[in-house]
Amino acid sequence: MERIADNRVLNELLEPDGGAFCQISTGELNYSLTGTARQGTVLLIAGLSMHRTDWSPELIAGLHAAGYATLTVDNRDAGRSVVLGRHTGFGAGDEFRAEYGLVDMAGDLRELILALDVGQVHVVGMSMGGMIAQHLALIAPELVHTLTSVMSTTGERAVGRPQQESKWVFLTPAPTDSREAFVAFSERYHAALAGPHFPDFERARETASMKWGRGISLDDTARQLQAIQADGDRTKRLRRVAVPTLVVHGDADPLIDVSGGAATAAAIPGARLHVIEQMGHSIPWQRAGETTDTLAAHFQAASA
């Protein structure tokens, strides 16, 4: 798969006409539904502080070519979505207080799927998005054709630990005083996530500029991080997942060690683990083809 360098194509894949808005019970979600659903629709759930425009355009293009529509969405407290709510108690109880939980974020997406009337979807979540995807498969299995948890983990503290040199990304707030400062920070952030093999600083600058134009809030990211921390260990809950599940992880992930992916696959009955060589905590264009092919094979096996 070739790298997409045309800005016009990038905009068509990531931010066509600014997306659309869907009213749900607690606010509104900004989403983009593109491609033709000849084989079905893939819901792509973004990670911590990610906007829906941070997904790999090569992955989206590959899914479209394989016959799938893609549904990307700004999670609550990200991008242009405006959703408020309180924690429902499905996570770790009083161990850590949060304004809302990952299950609430999954509930937002359940409402979106129903409102758009797209039927069952193939759910693919990256990092925090993988955690939300796990919850969505638990609370709305009737809407989930397949589950794919990408570079995510179970919440068990002994697995999926970040490398020491990458921990700063959880502790260092992004600058919000100027576009230039934010883009420079995003390049450093990208380097910490991508790992040593496939950094793409030009893409990091492009997506950072797009994100800056869509809106940045440090308080929003903090609330998402609190939701992750409050959720606790999902291992026992994951044993109840009853949809076909694939776990994808890079063996060079510096933010969530591959042991997190292995533990996820071990916890979910019948789940399969696919490890991608040299991939870090992002999907580089050099591995987008393998990722697309792996996802499509998973979707097709569940549809056979």
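Up top is the structure.
Residues numbered from 1 in each chain as written. Predicted model: local features only at pLDDT ≥ 70, side-chain atom pairs only at ≥ 80, totals over all residues. Heavy atoms only, no water.

1. Comments concerning the overall build of the chain
Moving on, step 1. A tally of helices and strands in the chain yields eleven helices and nine strands.
Moving on, step 2. The C-alpha radius of gyration computed for the chain amounts to 17 Å, which stays within 12% of the reference 19 Å derived for 304 residues, consistent with globular compactness.
Moving on, step 3. With the C-alpha coordinates of the chain rotated into their principal frame, the extents come out at 45 × 45 × 40 Å.
Moving on, step 4. The buried share among the 304 residues of the chain stands at 56%. (Helix = DSSP H or I, 4+ residues; strand = E, 2+ residues; numbered from the N terminus. Rg over C-alpha atoms; globule rule 2.2 N^0.38 Å. Buried < 20%, exposed > 50% of the residue type's maximum accessible area, 1.4 Å probe, protein only.)

2. Let's talk about helix α8 (residues 218-231)
Moving on, step 1. With 14 residues, α8 should cover 20 Å at 1.5 Å per step; its first-to-last C-alpha distance of 20 Å lies within 8% of that length.
Moving on, step 2. Those residues of α8 that sit buried are D220, R223, Q224, A227, I228, A230 and D231.
Moving on, step 3. Against the buried residues of α8 lie α3 (102-116), α4 (128-139) and α9 (235-238).
Moving on, step 4. Looking at the residues trailing α8, positive phi occurs at G232, about 70°. (Expected span 1.5 Å × (residues − 1). Contact = heavy atoms within 4.5 Å.)

3. Things to note about the side chain of T70
Moving on, step 1. By secondary structure assignment, the location of T70 is in strand β4 (residues 68-73).
Moving on, step 2. Judged by its relative accessible area of 1%, T70 falls in the buried class.
Moving on, step 3. A distance of 2.9 Å separates polar atoms of two side chains, one belonging to T70 and the other to H64.
Moving on, step 4. When residues no more than four places from it in sequence are discounted, the contact partners of T70 are S32, L33, T34, V42, L44, I60, L63 and H64. (Polar contact = N/O pair within 3.5 Å; in protein donor to acceptor, adjacent residues only side chain to side chain.)

4. Structural notes on the pairing of strand β7 (residues 144-150)
Moving on, step 1. With six of seven residues buried, β7 is to be regarded as a mostly interior element.
Moving on, step 2. One ladder, built from six bridges, connects strand β6 (residues 121-126) with β7; its direction is parallel. Along β7, the bridge assignment pairs H122 with T146.
Moving on, step 3. Regarding topology, α4 serves as the crossover connection from β6 to the parallel β7, and that connection is right-handed.
Moving on, step 4. Across four bridges, β7 lies against strand β8 (residues 245-250) in parallel orientation. Pairing of T148 across the sheet is with L246, part of β8. (Pairing = 2+ DSSP bridges. Right-handed = clockwise from strand over helix to strand, strands pointing away.)

5. Some details on the packing of helix α2 (residues 57-65) against helix α11 (residues 285-303)
Moving on, step 1. The N-to-C vectors of α2 and α11 enclose an angle of 40°; their axes lie 9 Å apart at closest approach. Every pair of crossing elements has a handedness; the one defined by α2 and α11 is right-handed. Residues E58, L59, G62 and L63 of α2 touch α11, and the partners they reach there are W285, A288, T291, T292, L295 and F299.
Moving on, step 2. Taken together, the residues that form the contact of α2 with α11 break down as six nonpolar, three polar and one charged. (Axes fitted to C-alpha atoms, helices over the stretch in contact; angles between N-to-C directions. Left-handed = near helix turned anticlockwise from the far one by under 90°. Nonpolar A, V, L, I, M, F, W, Y, C, P; charged D, E, K, R; others polar.)

6. Here's the deal with the pattern of salt bridges
Moving on, step 1. For the coordinates displayed, the defined rule picks out 17 salt bridges.
Moving on, step 2. A salt bridge links E15 to R80; the nearest nitrogen and oxygen atoms lie 2.7 Å apart. Residue E15 is located in the loop between α1 (7-14) and β1 (20-24), and its partner R80 is located in the loop between β4 and β5 (82-83); the two are separated by 65 residues in the primary sequence.
Moving on, step 3. Given a relative accessible area of 13%, E15 falls into the buried group.
Moving on, step 4. You can call R80 partly exposed: its relative accessible area is 28%.
Moving on, step 5. A network of salt bridges, in which partner residues are shared, links E15, R52, D74, R80 and R214. (Salt bridge = Lys/Arg side-chain N within 4 Å of Asp/Glu carboxyl O.)

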